[in-house]
Amino acid sequence: MSQSIAVIARFTPRPESREALRTLLKGMTIPVRAESGCRTYDLYESPDDGEFVLLERYRSRSALDEHRDSPHYANYRAQLNGLLTKPVDVAVLHALDEAV
């Protein structure tokens, strides 16, 4: 069985781009959740600093690769330029012990 993968992605928006970034990220939830290899794709916002955080889980590394090769992912990445104060902070994690 393939090893499950988790991704934590943190986005720090420019103050004037907060709503545009929120809309862009929320727009990704439906197409990503429809991917066969996606287990969860959840968007959060920090009440302290306004940072957006995506918590993603995929069935395997190949499922994550398929996600990153999708047209909706390419479209979203193309729109990020200018919305952030710094590059997206992404951590890709291999599951050691997770609830099913």
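Per chain, the residues get numbers from 1 upward, laid out in the order the sequence is written. The model is predicted, so local features are restricted to residues of pLDDT at least 70 and side-chain atom pairs to those at 80 or more, both for listing and for counting; the totals for chains, interfaces and linings are taken over all residues. Neither water nor hydrogens contribute to the side-chain values; these are computed over all heavy atoms in the structure.

## Observations concerning the overall build of the chain
Link 1 in the chain: Only DSSP runs of H or I covering at least 4 residues are called helices, and only runs of E covering at least 2 are called strands; the numbering of each starts at the N terminus. Across its full length, the chain carries 3 helices and 4 strands.
Link 2 in the chain: Seen in sequence order, the chain has helices and strands lined up from the N terminus as β-α-β-β-α-α-β.
Link 3 in the chain: Taking 13 Å as the expected radius of gyration for a compact globule of 100 residues, we find that the chain reaches 14 Å, a close match to that expectation.
Link 4 in the chain: Principal axes of the C-alpha set define a box for the chain whose edges measure 45 × 30 × 20 Å.
Link 5 in the chain: For every residue, the accessible area (1.4 Å probe, protein chains only) is compared with the maximum for its type, and the residue is labelled buried under 20%, exposed over 50%, or partly exposed between those bounds. A total of 100 residues make up the chain; the buried ones form 36% of that total. Restricting the calculation to C-alpha atoms gives the radius of gyration, and the globule rule supplies 2.2 Å times the number of residues raised to the power 0.38.

## A look at the sheet that holds strand S1 (residues 5-11)
Link 1 in the chain: Spatial ordering of the open sheet is given by S2-S3-S1-S4, a layout of 4 strands whose pairing is antiparallel. A strand with exactly one partner marks an edge of an open sheet, and here the two such strands are strand S2 (38-45) and strand S4 (89-94). Ignoring strand direction, the axes of neighbouring strands in this sheet form an average angle of 10°.
Link 2 in the chain: Whether two strands pair depends on DSSP finding at least two bridges between them. Bridge count for S2 against strand S3 (residues 52-58) is 7 bridges, and the pairing is antiparallel. Following the sheet pairing, Glu-45 is matched in S3 by Phe-52. To get an axis, a line is fitted to the C-alpha atoms, and for a helix only the part in contact is used. The angle between two axes follows their N-to-C directions and goes from 0 to 180 degrees.

These figures capture arrangement, not role.
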